[in-house]
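Remarks on the overall topology
Spelled out, the chains give:
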Amino acid sequence: MDIPRIFNITESAHRIHNPFTPEKLATLGAALRLDSGIRMLDLGSGSGEMLGTWARDYGIVGVGIDMSRLFSKQAKLRAEELGVTDQVVFIHGDAAGYVAGEKVGVAACLGATWIGGGVVGTIELLAKSLCTKGIILIGEPYWLQIPPTEDVAKGCGADSISDFLMLPELLASFDGLDFDVVEMVLADQEGWDRYEAAKWLTMRRWLESNPDDDFAKDVRAKLTLEPKRYAAYTREYLGWGVFALMAR
C-alpha cells in the first residue's frame, strides 16, 4: 500500500505536504486554543508535522494515518526529533473509513478529502470519531478567481471548474451541512511558493542520483513543465485553507 511514486519523490523533502508554512501551522494551532491532553485524529497525516509540533507546543496526544510508506516513516522520525513519541502514533495505512477507537476532540483531514470521496464524505467520516463539541479541521482548495476555461482548471490540477468553489461558496457549503465555521487560516503566496517550488530542487536532486531509473523520464518531464504550469495556473487561480467546523 502506497501513494503514487511521483508524490513520494517530489515531496520527499517536505515536512508539510500542503501550502502552509510552519508559521501558518503554528497560527492554526494557536487559533484553536488547544488544551493539554486533548486527543486528535489526523487522516492523511503526511510527515507528521501538525501532530508532532502541536504535541510539543500544546501537549496534545493523537494518531495519524497515511498511505505513504515514506511519509509515515518520516513522521515517526520527526516525533522522535521533537521528543513526543509518547504522545503521538503514526500508522501506515489507508485512512478511508478509519474511525478512532476512542472519541477525539479534534478530527482533521488536510488536503486529502479524497479519503472520504470529497468534502462532504470526509466530514461525515471525521464526525464518527469526534466527541460532542469537538472540532473538525478540513484543508481544501478554493478558487481565487473562476478559471476562464476548463483547460485552465486542469492546469491547476482540477478535473473541472466544478471541482472547487470560491471562498464564500465554500464557507456557505459548510453552513448547508449544519456546521458552524469557527476558525479559518488561509495559505498565502509564500506558502504556495514554498510548497510548489521546493519540489523542483527535490526532483533535480533525485534525477542526479537516479539517472538510470526507469521513472527518470517521467520526473524529467514533470520538472521541465512544473515551474511554468505553476506560475501560469495554480499561482493565479487557486487558494487553500484550513477550516475549523463545529456541529450545531
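Scroll up a little and you will see the structure.
One structure accompanies this document, and this report is about it. Not measured: the values here are computed from a predicted model.

Reading guide: rules and limits
Per-chain numbering applies: the sequence of each chain, read as written, is numbered from 1 onward. Residues qualify for local features only when their pLDDT is at least 70, as the model is predicted, and side-chain atom pairs are given and counted only at 80 or more; totals for whole chains, interfaces and linings, by contrast, use all residues. Neither water nor hydrogens contribute to the side-chain values; these are computed over all heavy atoms in the structure. Only one rule defines a salt bridge in this text: a Lys or Arg side-chain nitrogen within 4 Å of an Asp or Glu carboxyl oxygen. Runs of H or I in DSSP of at least four residues are treated as helices and runs of E of at least two as strands, each being numbered from the N terminus. Only protein chains enter the area calculation, which uses a 1.4 Å probe; residues under 20% of their type maximum are buried, those over 50% are exposed, and those in between are partly exposed. The arc refers to the directions leading from the helix axis to the C-beta atoms. Throughout, a contact is declared for two residues whenever any of their heavy atoms are within 4.5 Å. Two strands qualify as a pair provided DSSP detects at least 2 bridges between them. The angle between two axes is taken between their N-to-C directions and runs from 0 to 180 degrees, where each axis is a line fitted to C-alpha atoms and a helix contributes only its stretch in contact.

This next bit is on the pattern of salt bridges. Applying the stated criterion to the full structure yields 18 salt bridges. The shortest N-O distance in the salt bridge between Asp193 and Arg235 comes to 2.9 Å. In this pair, Asp193 is assigned in helix 8 (residues 189-209) and Arg235 in helix 9 (residues 216-237), connecting sequence segments 42 residues apart. By relative accessible area, Asp193 is classed as buried at 15%. One salt-bridge network, held together by shared partners, links Glu11, Glu196, Lys199, Lys222, Glu226 and Arg229.

Taken together, the buried positions of helix 2 (residues 22-31) are Leu25, Leu28, Gly29 and Ala31. Each buried residue of helix 2 sits inside an arc of 165° when the element is viewed along its axis, so together they form one side. Every exposed residue of helix 2 that faces more than 90 degrees away from the buried side is listed here: Pro22 and Glu23. Here the buried face of helix 2 lies against helix 3 (49-58), strand 6 (179-186) and strand 7 (238-247).

Right, let's talk about the sheet that holds strand 7 for a bit. Judged by pairing direction, the sheet is mixed, and its seven strands sit side by side in the order 3-2-1-4-5-7-6 without closing on themselves. Here the strands that pair on one side only, and so sit at the sheet edges, are strand 3 (88-92) and strand 6. The sheet shows a mean angle of 20° between the axes of neighbouring strands, direction not considered. The pairing of strand 6 with strand 7 spans seven bridges and is antiparallel. In the strand pairing of strand 7, Phe179 is matched with Ala247. Against the sheet, helix 2 contacts strand 6 and strand 7, and its axis sits at roughly 150° relative to strand 6.

This part is about unusual backbone geometry. Positive phi, close to 55°, is recorded for Arg33, a residue that is not glycine. Mapped onto the secondary structure, Arg33 falls in the loop between helix 2 and strand 1 (39-43). Relative accessible area serves as the criterion here: at 71%, Arg33 is assigned to the exposed category. Non-glycine residue Lys133 carries a positive phi angle of around 70°.

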